[in-house]
Amino acid sequence: MEIKEFSRVMAREVSDKLGEGVQIECTEVLKNNGVVYHALTIRKQGQNVAPTIYIDHMLEKYNRGTMLMSLVDDVVGMYNQCAPAADTKVDFFDDFSVVSKHLFFKAVNYKKNEKKLENVPIKRVLDLALVPLALFEHPSLGSGTIMIENSHLDIWEITEEELWENVIENAPGFQQVKIKGIMDVLEKMTGMPAPMPGGGDELCGIYVISNKEECLGAATIFYPDVLKDLSEDFESDIFVIPSSIHECIVIPDTFLGLDVEYLRRIIHEVNVTTVADEEILSDNLYKYDRDSDRLFIVKEA
């Protein structure tokens, strides 16, 4: 069964289970890098908040032999678990003085997300777009992120410049930078101590930069003075490898006679074979020049 037919069948069966007073819509949700997920949006009559339940993985289960009604029961169970109360209010997002304390930003590939970002007050940096976000905590809805759109600026009666002043000011404290040696990362991935003659990340010279949540942390390289301070510690310029939207790898350009073309090939191959489509940041290699305090794309030789 194809996903669109599966969506219609699931919507019909879930509607029968939930009964009258509930409207179910089959939706396509555009994610990062043009990746599209399919979902059921379930709205109870009279409510302005509607849970969205993704069903792509359920189609995979169905095609492997899981009974349809079992999957329908799963959707109904998820809806009952996360359905908002009748008096749920979301007007907290109307007050910029409240929202401003929860602002941060992510970095995404501009070309891959150009359509999705048409109505978003982004900042362009190299081949990337910096996207303003707000993290919210709600007693009924739980936690999540909201992408700031131009319409929000109209509601708050602020300019794009005022928005970004608050984003840049709040992000480093709200989503703090976390820098780890590459050996720590390998140990976490494998569960085994990474072999390193002589020991110590200082000998390795390769570091991973993200935020403390290790989610959407690649943007931290654009925090004020982050790359500048690292380059001063290294006493050299820095190569920046965009490993995903969640993190970047930084290497001093004095490290063991780096082969720039090899690094460029590795970035492309890892993006094709390892990184999930919606988490790819860029195929480019970046370099930070500490004398000019500038980040730029390393061009082909």
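Residues numbered from 1 in each chain as written. Predicted model: local features only at pLDDT ≥ 70, side-chain atom pairs only at ≥ 80, totals over all residues. Heavy atoms only, no water.

A. Local environment of the packing of helix 1 (residues 3-18) against helix 3 (residues 68-82). Where helix 1 contacts helix 3, the axes come no closer than 9 Å and their chain directions differ by 60°. Viewed along their axes, helix 1 and helix 3 form a crossing whose handedness is right-handed. Residue-level inspection shows Phe6, Val9, Met10, Glu13, Val14, Lys17 and Leu18 of helix 1 in contact with helix 3, the latter providing Leu68, Met69, Leu71, Val72, Asp73, Val75, Val76, Tyr79 and Asn80. The class makeup of the residues in the contact of helix 1 with helix 3 is twelve nonpolar, one polar and three charged. (Axes fitted to C-alpha atoms, helices over the stretch in contact; angles between N-to-C directions. Helix = DSSP H or I, 4+ residues; strand = E, 2+ residues; numbered from the N terminus. Left-handed = near helix turned anticlockwise from the far one by under 90°. Contact = heavy atoms within 4.5 Å. Nonpolar A, V, L, I, M, F, W, Y, C, P; charged D, E, K, R; others polar.)

B. Layout of helix 3. Between its first and last C-alpha atoms helix 3 spans 22 Å; for 15 residues at 1.5 Å apiece the expected length is 21 Å, and the two agree. Along helix 3, the residues that are buried comprise Leu68, Leu71, Val72, Val75, Val76 and Tyr79. Down the axis of helix 3, the smallest arc covering the buried residues is 140°, so these residues share one side. Pointing more than 90 degrees away from the buried face of helix 3 are the exposed residues Asn80 and Gln81. Tucked into the core, helix 3 has its buried residues touching helix 1, strand 2 (36-44), strand 3 (52-54) and helix 2 (56-63). (Expected span 1.5 Å × (residues − 1). Buried < 20%, exposed > 50% of the residue type's maximum accessible area, 1.4 Å probe, protein only. Arc of directions from axis to C-beta.)

C. Examining the side chain of Asn33 more closely. Checked against the element boundaries, Asn33 lands in the loop between strand 1 (22-30) and strand 2. Taking relative accessible area as the criterion, Asn33 reaches 13% and is therefore assigned buried. A polar atom in the side chain of Asn33 sits 2.8 Å from the backbone oxygen of Asp277. A polar contact of 2.8 Å, which involves the side chain of Asn33, links it to the backbone oxygen of Ile280. For Asn33, the residues in contact, after removing those within four places along its chain, are Asn109, Lys112, Asn113, Asp277, Glu278, Glu279 and Ile280. (Polar contact = N/O pair within 3.5 Å; in protein donor to acceptor, adjacent residues only side chain to side chain.)

D. Structural view of unusual backbone geometry. At Leu126, a position not held by glycine, the phi torsion is positive, near 55°. On the secondary structure map, Leu126 appears in the loop between strand 5 (123-125) and strand 6 (128-138). The exposure class assigned to Leu126 is partly exposed, which follows from its relative accessible area of 34%. With a phi close to 55°, Asp293 is a non-glycine residue in the positive phi region. Within the element layout of this structure, Asp293 appears in the loop between strand 12 (286-289) and strand 13 (294-297).

E. Region of interest: the packing of helix 2 against helix 3. Contact geometry of helix 2 with helix 3 gives a least axis separation of 10 Å together with a crossing angle of 155°. Classed by the angle they form, the pair helix 2 and helix 3 counts as roughly antiparallel. The two elements helix 2 and helix 3 cross, and the hand of that crossing is right-handed. Contact residues: helix 2 offers Met58, Lys61 and Tyr62, while helix 3 offers Leu68, Leu71, Asp74, Val75 and Met78. Class assignment for the residues of the contact of helix 2 with helix 3 results in six nonpolar, no polar and two charged. (Parallel < 35°, antiparallel > 145°, perpendicular 65-115°, else oblique.)

F. Representation of the sheet that holds strand 2 in the model. Strand order in the open sheet formed by three strands is 1-2-3, with antiparallel pairing between adjacent strands. Either end of the sheet is taken by a strand with one partner, and the two such strands are strand 1 and strand 3. Put simply, the sheet's adjacent strands are angled 30° from each other on average, direction ignored. Of the strands in this sheet, strand 2 and strand 3 touch helix 3, which is tilted by about 60° from strand 2. (Pairing = 2+ DSSP bridges.)

G. Structural context of empty space enclosed by the protein. Within this structure, the stated rule accounts for one cavity of 30 Å³ or more. Size it by volume and the largest cavity reaches roughly 30 Å³. The wall of the largest cavity is formed by Asn32, Lys106, Val108, Asn113, Lys116, Leu117, Val131 and Met147. Counted by class, the lining of the largest cavity contains four nonpolar, two polar and two charged residues. (1 Å grid on protein atoms, 1.4 Å probe; cavity = no way out; pocket = protein on both sides within 12 Å on 5 of 7 lines; lining within 4 Å. Points joined across faces, edges and corners; volume = space filled by probe spheres on them.)

H. Seen up close, the nonpolar core. Counting 48 residues, the largest nonpolar core has Phe105, Trp156, Leu163 and Val240 as its most contacted members. Ranked by residues supplied to this core, first place goes to strand 6 with six residues. Residues within four places of Phe105 in sequence aside, it is in contact with Leu130, Val131, Pro132, Leu133, Trp164, Val167, Ile168, Ala171, Leu216, Ala219, Phe222 and Tyr223. Among the nonpolar cores identified, the runner-up in size contains 21 residues, and Leu18, Val22, Ile55 and Val72 belong to it. (Core = buried A, V, L, I, M, F, W, Y, C linked by side-chain atoms within 4.5 Å.)

Geometric descriptors of this kind do not, in isolation, establish any biological role.
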